[in-house]
Amino acid sequence: MTSSEFDLPTFADLPLRPELLAAVAELGYTQPSPVQAEAIAPLVEGRDLIGQAATGTGKTAAFALPMLERLAEIRPDRRRGDAPFGMVLTPTRELALQVSEAVARYGAGLRARVVTVYGGAPVGPQWKALQEGVDVVVATPGRAIDLMNRGALKLDELETVVLDEADEMLDMGFVEDIETLLDETPDTRQAVLFSATMPRRIETLAQKYLREPVTVRIQREEVPDGEAPKVRQTAYLVPRTHTTAALGRVLEAERPRAAIVFCRSRLDVDAVTETLTARGLR
């Protein structure tokens, strides 16, 4: 344990109710991560917040626990309609499912109802889940707009909105969707933005939609020289139409014992698999 870790509070020192502390303890967490220690208290107070933190720093709990705390405080009667208390926007379906599972775990003692909505799946079941009542909706921007336009997702009573991995969403071209959704939320709602990087366009978005935000910046822990894994990183600039062919040539030249290829969509995965298999790469 580093000296900085001794300075961190325990979860019991944070303004969280017993049900949330019990959920955290059940998951085996004893001490908050730096981003949790800095973000939870101001978020419980209702402050807007900009957080610069990478994946793996505990940012999901940093925004989920305060959202659930405020949910229990502001809606103690637990009335549920189709207007959510909180909304988390994520760039991908996979992250939406991951965040949704975490929020549901943290909010189990409060019987918080979490609904996940994302593209690439039938809209009917997601619409029905919203109509059955929702406290927190975790969504990808495109599907959120689709459901909003259909009248299934109502944002007029929203108390908290979170942009998770905001830089990734902007890289994927979601900026107009995000602005459309934020424009439909009440002026009084709390806005939270988490991003691994802070390019100018993120700052512009924050200036437009956040009110006097608290800023939390968590840097990755420095690895001493000589202890980091020795890797070689190479980039090839290839026209989009030639990327799969180039990948095949790289794999044939490098001849790795094993490799992982990441693609943007399931259709891309199928196409790349088919092409590489045809080249004799299993």
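Nothing here was measured: the structure is a model prediction, and the numbers come from that model.

K.L.:
Can you tell me about unusual backbone geometry, naming the residues and giving the values?
P.N.:
Notably, Glu-165 is not glycine yet its phi reads approximately 55°, a positive angle. Among the structural elements, Glu-165 can be located in the loop between strand 5 (160–163) and helix 8 (166–171). One non-glycine residue, Arg-255, lies in the positive phi region at around 50°. As for its placement among the helices and strands, Arg-255 is situated in the loop between helix 11 (243–254) and helix 12 (266–278). Among the residues examined, Arg-255 registers a relative accessible area of 68% and is labelled exposed.

K.L.:
Lay out the packing of helix 4 (residues 59–74) against helix 5 (residues 93–106) with the relevant residues and their values.
P.N.:
At their nearest, the axes of helix 4 and helix 5 sit 10 Å apart, and the two run at 45° to each other. As the angle between them shows, helix 4 and helix 5 are arranged oblique. Crossing angle aside, the handedness with which helix 4 passes helix 5 is right-handed. Side by side, helix 4 and helix 5 meet where Thr-60, Ala-61, Phe-63, Ala-64, Leu-65 and Leu-68 of the first sit next to Val-99, Ala-102, Val-103 and Tyr-106 of the second. Taken together, the residues that form the contact of helix 4 with helix 5 break down as nine nonpolar, one polar and no charged.

K.L.:
Give a description of helix 3 (residues 34–44) that names residues and reports values.
P.N.:
Burial of helix 3 is extensive: eight of the 11 residues sit out of reach of the surface. Buried within helix 3 we find Val-35, Gln-36, Ala-37, Ala-39, Ile-40, Pro-42, Leu-43 and Val-44. Of the surrounding secondary structure, the elements contacted by the buried residues of helix 3 are strand 1 (49–52), helix 4, strand 6 (190–195) and strand 7 (214–217). Two residues or fewer past helix 3, Gly-46 is found with a positive phi of approximately 95°.

K.L.:
Which residues make up the packing of helix 3 against helix 4, and what are the values?
P.N.:
Here helix 3 crosses helix 4 at 25°, and the two axes come no closer than 9 Å. Taken together, the axes of helix 3 and helix 4 lie roughly parallel to each other. Relative to helix 4, helix 3 is oriented so that their crossing is right-handed. Counted together, Val-35, Gln-36, Ala-39, Ile-40, Leu-43 and Val-44 of helix 3 and Lys-59, Ala-61, Ala-62, Phe-63, Leu-65, Pro-66, Glu-69 and Arg-70 of helix 4 form the full contact between these two elements. In the contact of helix 3 with helix 4, the residues fall into 10 nonpolar, one polar and three charged.

K.L.:
Can you tell me about helix 4, naming the residues and giving the values?
P.N.:
Taking 1.5 Å as the rise per residue, helix 4 with 16 residues should run 22 Å; its terminal C-alpha atoms sit 23 Å apart, in good agreement. In terms of burial, helix 4 is a largely internal element, 14 of the 16 residues being buried.

K.L.:
Please set out the layout of surface pockets residue by residue, giving values where relevant.
P.N.:
Taken as a whole, the largest pocket encloses approximately 880 Å³ of empty space. As for the largest pocket, its lining consists of 23 residues, and the residues nearest its centre are Thr-243, Thr-244, Leu-247, Val-261 and Phe-262. Of all elements in the fold, only helix 11 and helix 12 reach the threshold of two or more residues within the lining of the largest pocket. Of the residues forming the lining of the largest pocket, the biggest block, nine residues, is contributed by helix 11.

K.L.:
I'd like a description of the environment of Gln-219, backed by residues and values.
P.N.:
If you trace the backbone, Gln-219 turns up in the loop between strand 7 and helix 11. Given the relative accessible area of 60%, Gln-219 is considered exposed. When the C-alpha atoms of Gln-219 and Leu-71 are compared, they prove to be 30 Å apart, with 148 residues separating the residues in sequence.

K.L.:
Can you explain the pairing of strand 7? Please cite residues and give values.
P.N.:
Burial along strand 7 is one-sided: the residues Val-214 and Val-216 are buried and none of Thr-215 and Arg-217 is. Here strand 1 pairs with strand 7 via four bridges, running parallel. When the bridges of strand 7 are listed, Ile-50 appears paired with Thr-215.

K.L.:
Provide a residue-level description of the environment of Leu-97, including the pertinent values.
P.N.:
Checked against the element boundaries, Leu-97 lands in helix 5. Residues Leu-97 and Val-138, 41 residues apart in the sequence, show an inter-C-alpha distance of 7.8 Å. Residues in contact with Leu-97, not counting those within four places in the same chain, are Thr-116 and Tyr-118.

Each value, and the rule that gives it
- Residues numbered from 1 in each chain as written.
- Predicted model: local features only at pLDDT ≥ 70, side-chain atom pairs only at ≥ 80, totals over all residues.
- Heavy atoms only, no water.
- Helix = DSSP H or I, 4+ residues; strand = E, 2+ residues; numbered from the N terminus.
- Buried < 20%, exposed > 50% of the residue type's maximum accessible area, 1.4 Å probe, protein only.
- Axes fitted to C-alpha atoms, helices over the stretch in contact; angles between N-to-C directions.
- Parallel < 35°, antiparallel > 145°, perpendicular 65-115°, else oblique.
- Left-handed = near helix turned anticlockwise from the far one by under 90°.
- Contact = heavy atoms within 4.5 Å.
- Nonpolar A, V, L, I, M, F, W, Y, C, P; charged D, E, K, R; others polar.
- Expected span 1.5 Å × (residues − 1).
- 1 Å grid on protein atoms, 1.4 Å probe; cavity = no way out; pocket = protein on both sides within 12 Å on 5 of 7 lines; lining within 4 Å.
- Points joined across faces, edges and corners; volume = space filled by probe spheres on them.
- Pairing = 2+ DSSP bridges.

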